[in-house]
Amino acid sequence: MKRSLFVGTLSLAVSGLLIAGAGTPASAAKGPRAVSPKPSKAQALRDATAEVAASPKTVKAGAHDTFLSHDVTVDKDGTRHVHLDRRYQGLPVLGGDVIVHSAPNGELRSTSLTLKAPLTLSVTPKISKQRAVAVAAATFKGTKKGSRADLVVDATAATPTLAWQVVVDGTAPDGSPSHVHTLVDATTGKAGKSWNTFHSTVVPGTTANAPQTTAVAGAAASGTGHGYQVGDVTLGTNSISGGYELKDPTRGNGETRDAQNKTVTNDSPPAGWGVAFTDTDNVWGNGTLSDRATVAVDAHYGIQATWDYYKNVHGRNGIKNDGVGARSFVHYGVNYANAGWDDDSFSMIYGDGASGQKPFTELDVAGHEMSHGVTAATAGLNYFGDAGGMNEATSDIFGTLVEFNANSPADKPDYLIGEKISTTPLRYMDDPKKDGVSQSCWTTGTKNLDPHYSSGVGNHWFYLMAVGSGSSSYGNSPTCDGGTVTGLGNDAAGKIWYRALTTYLTAASTYADARTATIKAATDLYGASSTQCTTVEKAWSGVAVAPTATTCGGGTTQPPSGSNLLSNPGFESGATTWSASSGAITNDTGATAHTGSYYAWLDGYGSAHTDTLSQSVTIPATAAAPKLSFWLAIDTKETGTTAYDTLKAQVVSGTTTTTLATYSNATPSGYVQRTLDLSAFKGKTVTIKFTGAEDSSLATSFLIDDTSVTTG
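Quantities reported herein were computed from a predicted structural model and do not represent experimental measurements.

Asks: Explain the pairing of strand S33 (residues 656-664) residue by residue, including any values.
Replies: Where strand S32 (residues 646-653) meets S33, eight bridges bridge the pair, whose relative direction is antiparallel. Paired with Thr-646 across the bridge in S33 is Ser-664. The loop that links S32 with its antiparallel partner S33 comprises two residues; one of these, Gly-654, has a positive phi angle of about 65°.

Here it is as structure tokens:
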């Protein structure tokens, strides 16, 4: 139960802080800057460099940190958002990325990150690369084609560790390309987190209830397609000598090819793999599976519809926002019952489905898979933990919005994923648990699920945002808190999630971070007092993601009830307004808050130690029945009924300290609300104080949250 503390200040040599691609850091001294309504991305990066160098504490930077540019966004009003990847002593830091948010004149406003403190660890491994590769390879299922390993810092854990990140490339048992990443502790040799950067529509093996394409000589053309899933559509094609090919010059040369029912012989479909679809009359497919081009029509239209959605709704020019189109391979494998996105080759594959299924070339599946590429290019959400669920949810959300934006009569828009492939949908957004494996409500165990199942929390949130709770023509959506949510429609809900994804979320973000990010996004787009912002809050509460420090009103989480005289009563603004021992107010995942993310953790070291927590408050003379209330949890390694470690709830009035109550290791418990009488202090300004004292052995932790002083 003992937690790590980061004590003292780690100085940063400004000259040692470098951001690749930004040039030499500007002086740390701040001075006036000319306001540019729309600065270039290069200027935004240079200004962010200067701000990080001047204020390293804001990004938890130490003397050995350097940064690489990941993505830069500049709003219409010139506000900048610079996403940086962190390196520590030259090693990539998983969960160390940061977004620097700056005003139009380049002045720092805020940062988004999940790293809690500057890194201080050795980068000398005790386990060899060869041993790490052997450990990871032993867990790989399928046909191995090769492996690689590099040292990284894993900052996604409570305590950052040095690890070998081993990537085993190959082919999974079901024929899917496979890039399995495994973190092997570089000190102990123990295998840790594992994830696959080939993203499939369903979990591989289950049954469903990059390079730029060089344009060939020719010209853009408009073809007619008769698809199996999408019906009759108009396609962007390319005119070539003797006819046409399924390549769209108007959408970054997005191309569809025939995999000829083969699986990749390497770990990714390379450029030029398979066979191009060509035609003499620019009419493709016949609407049935007797023509191999029929499902190619589905896939090619999927590229087109996804490109158009991001371009027309969000102003995004292709998946990476660089004008480059994706490549699709249809007829992948034999009875291959999946589809997937491979970011390494910037391509998609579609299977024809198992017996009793239809081809996986459904429109929302196309939007789903290519949206994995958008996530990789923006927030870069990890494919494990809460972030993994949000990665998958993002693809379901935007796949659904692609379907609605296309509004095809052959595929009526809905909030079901892959409903045309089999007799039952792959996933339900109105109530995800209906598939029997996904979660509709967030729990502390959500992070341990496969991302396809933990995605249910994000999918349910989006449905509540767009449609609302209760019964509708699209489904019946319950809320986890019993509340009612009135939907905003797809446009507002989609824009809020897109801005959160591209502007505020980082690789290791949690669902709690997503609540914060979407409140910020809604505030940016519609205002802090808008219906859109308050709906964001209601929808997150509706999927059991508790309030954080960020609220639509700009305040902090309020106590359970009553008019509270304490400021920052739930600690969601950190140590603001409180005086506390170092590290006492925390969001450390070693323990849990009663609500929100932050709480006060007194003691818990297993050695002689005293922690204090206090705040001054004035109790009105007119108070009818003033009370101090707080939630307290006691976790201990002690046994028996002797009080070795104690917590005192006290009131300091002048030079007199009054102990209202004493709690100890003798009565361990989960969170219990405690209420104490303050009538003796009416008309006085006093200090509410908690003092935790621990003896020299066996730890006892006193966890305090949701405090209040009320007048009665």
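Asks: So what's going on with the pattern of salt bridges? Residues and values would help.
Replies: Pairing between side chains of opposite charge can happen when the charged atoms of each approach one another. In this structure the tally under the stated criterion is 15 salt bridges. Across the pair Asp-169 and Arg-148 runs a salt bridge, and its minimum N-O distance is 3.0 Å. Highlighted residues: Asp-169 in strand S8 (residues 161-171) and Arg-148 in strand S7 (residues 143-154), separated in sequence by 21 residues. The salt bridge partner of Asp-258 is Arg-292, with a shortest N-O separation of 2.9 Å. Here Asp-258 is found in strand S16 (residues 254-258), whereas its partner Arg-292 is found in the loop between strand S19 (283-284) and helix H3 (293-314), with 34 residues between them in sequence. Since its relative accessible area comes to 33%, Arg-292 is described here as partly exposed. Salt bridges sharing partners connect three or more residues here, namely Asp-75, Arg-499 and Asp-524.

Asks: Can you break down the sheet that holds strand S28 (residues 585-586) residue by residue, with the values?
Replies: Taking strand neighbours across the sheet as the criterion, the five strands line up as S28-S29-S36-S31-S34 in an open arrangement whose pairing is antiparallel. Of all strands in the sheet, those bounded by a partner on one side alone are S28 and strand S34 (669-677). One ladder, built from four bridges, connects strand S29 (residues 599-603) with strand S36 (residues 700-710); its direction is antiparallel. When the bridges of S36 are listed, Ala-600 appears paired with Ile-704.

Asks: Run through the packing of aromatic side chains, naming residues and quoting values.
Replies: A full pass over the atoms with the stated rule returns 21 aromatic pairs. Judged by centre distance (5.2 Å) and plane angle (75°), the rings of Trp-341 and Phe-346 are edge-to-face. Residue classification places Trp-341 among the buried positions, given a relative accessible area of 0%. Given the relative accessible area of 2%, Phe-346 is considered buried. With a centroid separation of 4.7 Å and an interplanar angle of 15°, the aromatic rings of Trp-461 and Trp-540 are classed as stacked. Of this pair, Trp-461 sits in helix H6 (residues 451-466) while Trp-540 sits in helix H9 (residues 531-542); the two residues are 79 residues apart in sequence, bridging distant segments of the chain. Under the relative-accessibility criterion, Trp-461 is labelled buried at 0%. Among the aromatic side chains, those forming a connected cluster through ring pairs are Trp-273, Phe-329, Tyr-332 and Tyr-336.

Rules behind the numbers
- Residues numbered from 1 in each chain as written.
- Predicted model: local features only at pLDDT ≥ 70, side-chain atom pairs only at ≥ 80, totals over all residues.
- Heavy atoms only, no water.
- Pairing = 2+ DSSP bridges.
- Helix = DSSP H or I, 4+ residues; strand = E, 2+ residues; numbered from the N terminus.
- Salt bridge = Lys/Arg side-chain N within 4 Å of Asp/Glu carboxyl O.
- Buried < 20%, exposed > 50% of the residue type's maximum accessible area, 1.4 Å probe, protein only.
- Phe/Tyr/Trp six-rings, centres within 6.5 Å; stacked < 30°, edge-to-face > 60°.

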